[in-house]
Amino acid sequence: MKKRYRSSGSSLFLLEIMVNILLFSILLCVCLQFFIKAHNLTNETTKLERAVSVCANVASLYEAGDGSLSTLDEAYPNSVILDERMILFLDDNFLSCSKENSSYSVIISYSNAVTALKGVHIACVEETNILYEIDAMHYEQHQISEGGRL
Amino acid sequence: MKNRFNFGFSSVLISFIMICIVTFSALSLVTANADYRLSQKVANRNSSFYAAEKEAYAELAKTDDTLEAIYQEASDASEYYEAAKASLTTGTWSSEEKGEVYTWIQPIENNQYLEVSILVSYPDQYTKTYYHLLTWRTYIEEDPFEEQPLNLIGSH
């Protein structure tokens, strides 16, 4: 009788452990998805914040400069200037780097370069995905000629 | 007695661990979501600011063009200022110690605005430009209904 009672208790205990492990596994699967989603969201947040910061920096530099892309070239020495376009290469920490080590890039292209009001389109890109984009302007104010009237 | 003690203990332990894991996972997800929303708000606000700046620069260019055209037609400074006041009506004019100031406001978003002020000047051989930029600032217009104090019990 005593042995039968012990056997019953052990099997109940084993059953309890098995049910607990099962519930724990199910819950862990659900919670793990939550953790993964939170991790991905945090990564997205970091990328967006840094992309906004980089684009704002480039826009400020452009607006404070003389309306040409050469001002940016001094600040970002690893950049590449094509016809009407400039590409800045950034590493994982959104710092300027060479093209080989780059994870992100900032593409600056003239949207209006004909008049005194020069505009550029600034886009921070991860491969083909645009993280953030803004337009910045630079205005060269009119001056009278040396003789007086134009 | 020993068996009775063991029985149920693992359930309590697992329940406690499960509550902890659920709480932490929910908190981390809520925090990450809140951070993401905040960063999106910042990004949108930044975009709105640069869009407002673009409009303000366009207005500045238009104003400069108008002043240049007026300068070509005007015979003297007083005529130049009168014609400028008559032509530039989008913003507001004010007379200050430095001279005639033209101000316009560009909305950014909600109750945020970009204020631009220029000192309109009659160009000569020293000051060759038609204006000098005085103000380029953002400000928040406070909502008068935002703070409505309530009389609490016992307060006078």
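For clarity, every value in this text was computed on a predicted model and none was experimentally measured.

(A) Expanded view of the overall build of chain B. From N to C terminus, chain B includes 3 helices and 4 strands. Counting from the amino terminus, chain B carries its helices and strands in the arrangement α-α-α-β-β-β-β. The C-alpha atoms of chain B give a radius of gyration of 31 Å, which is well past the 15 Å a tight globule of 156 residues would have. Its C-alpha atoms give chain B principal-axis dimensions of roughly 110 × 45 × 25 Å. The 156 residues of chain B split such that 34% are buried. Total accessible area computed for chain B in this model is approximately 10300 Å², and 57% of it derives from carbon and sulfur atoms. When the 11 basic and 22 acidic side-chain charges of chain B are each reduced to a single mean position, those positions are 21 Å apart.

(B) Local environment of the overall build of chain A. Tallying secondary structure elements over chain A gives 2 helices and 5 strands in all. Taken from the N to the C terminus, the helices and strands of chain A come in the order α-α-β-β-β-β-β. Of the contacts made within chain A by residues no fewer than 6 positions apart, 34% connect residues no fewer than 24 positions apart. Here chain A displays about 9100 Å² of accessible surface, and carbon together with sulfur accounts for 57% of that area.

(C) Main features of the nonpolar core. V58, F94, V106, I108 and I122 of chain A together with L67 and Y80 of chain B are the most contacted members of the largest nonpolar core, which totals 54 residues. If you tally residues by element for this core, the top one is helix α2 (residues 9–73) of chain B, at 11 residues. Not counting residues up to four positions away in its chain, the partners in contact with V106 of chain A are V54, M86, I87, L88, L90, I122, A123 and C124 of chain A.

(D) Spotlight on the environment of S78 of chain B. All names here are of chain B. Residue placement: S78 occurs in helix α3 (residues 77–87). Remark: the alpha-carbon pair of S78 and E142, spanning 64 residues in sequence, is separated by 38 Å. Of note is the side chain of S78, whose polar atom sits 3.3 Å from the side chain of D76.

(E) Geometry of the environment of G67 of chain A. All names here are of chain A. Mapped onto the elements, G67 comes out in the loop between α1 (2–64) and α2 (70–75). With relative accessibility at 0%, the residue G67 sits in the buried group. Each C-alpha atom of the pair G67 and A123 lies 18 Å from the other, and the pair is 56 residues apart in sequence. Not counting residues up to four positions away in its chain, the partners in contact with G67 are Y62, Y110, K118 and H138.

(F) Quick peek at the pairing of strand β2 (residues 100–109) of chain B. All names here are of chain B. With 7 of 10 residues buried, β2 lies mostly within the body of the structure. Bridging between strand β1 (residues 92–95) and β2 involves 4 bridges; their strand directions are antiparallel. Its bridge partner being in β2, W93 is matched across the sheet by Y102. Between the end of β1 and the start of β2, which pair antiparallel, lie 4 residues, with G99 showing a positive phi angle near 150 degrees.

(G) Local environment of the interface of chain A and chain B. Between chain A and chain B, the contact holds 42 residues from the first and 48 residues from the second. Between chain A and chain B, roughly 4000 Å² of surface is buried when both sides are summed, and carbon and sulfur atoms account for 65% of that area. Where chain A meets chain B, there are 1 salt bridge. One salt bridge in this structure joins D135 of chain A and K54 of chain B, with 3.7 Å as the shortest N-O distance.

(H) Structural detail: the sheet that holds strand β3 (residues 112–120) of chain B. All names here are of chain B. Spatially, 4 strands are ordered β1-β2-β3-β4 in an open sheet, and the strand pairing comes out antiparallel. Lying at the two open borders of the sheet, with one neighbouring strand each, are β1 and β4 (131–140). Each strand of the sheet is rotated relative to its neighbour by a mean of 25 degrees, with strand direction disregarded. As defined by bridge partners, β2 adjoins β3 across 9 bridges and the pair is classed as antiparallel. Paired with W104 across the strands is V116, a residue of β3. Against the sheet, α2 engages β2, β3 and β4, with an angle of about 150 degrees to β2.

(I) The packing of α2 of chain B against α3 of chain B, seen in detail. Residues and elements named next belong to chain B. Close contact between α2 and α3 brings their axes to 9 Å; oriented N to C, the two are set at 140 degrees. Put simply, α2 runs oblique to α3. Handedness of the crossing formed by α2 with α3: right-handed. On α3, the residues that touch T66, L67, I70, Y71 and E73 of α2 are E79, Y80, A83, A84 and S87.

Parameters at a glance
Residues numbered from 1 in each chain as written. Chains lettered and ligands numbered in written order. Predicted model: local features only at pLDDT ≥ 70, side-chain atom pairs only at ≥ 80, totals over all residues. Heavy atoms only, no water. Helix = DSSP H or I, 4+ residues; strand = E, 2+ residues; numbered from the N terminus. Rg over C-alpha atoms; globule rule 2.2 N^0.38 Å. Buried < 20%, exposed > 50% of the residue type's maximum accessible area, 1.4 Å probe, protein only. Areas by Shrake-Rupley, 256 points an atom, 1.4 Å probe, with all protein chains shown as cover. Lys, Arg positive; Asp, Glu negative; His and termini not counted. Charge placed at Lys NZ, Arg CZ, Asp CG, Glu CD. Contact = heavy atoms within 4.5 Å. Core = buried A, V, L, I, M, F, W, Y, C linked by side-chain atoms within 4.5 Å. Polar contact = N/O pair within 3.5 Å; in protein donor to acceptor, adjacent residues only side chain to side chain. Pairing = 2+ DSSP bridges. Buried area = accessible area lost by both parts, 1.4 Å probe. Salt bridge = Lys/Arg side-chain N within 4 Å of Asp/Glu carboxyl O. Axes fitted to C-alpha atoms, helices over the stretch in contact; angles between N-to-C directions. Parallel < 35°, antiparallel > 145°, perpendicular 65-115°, else oblique. Left-handed = near helix turned anticlockwise from the far one by under 90°.

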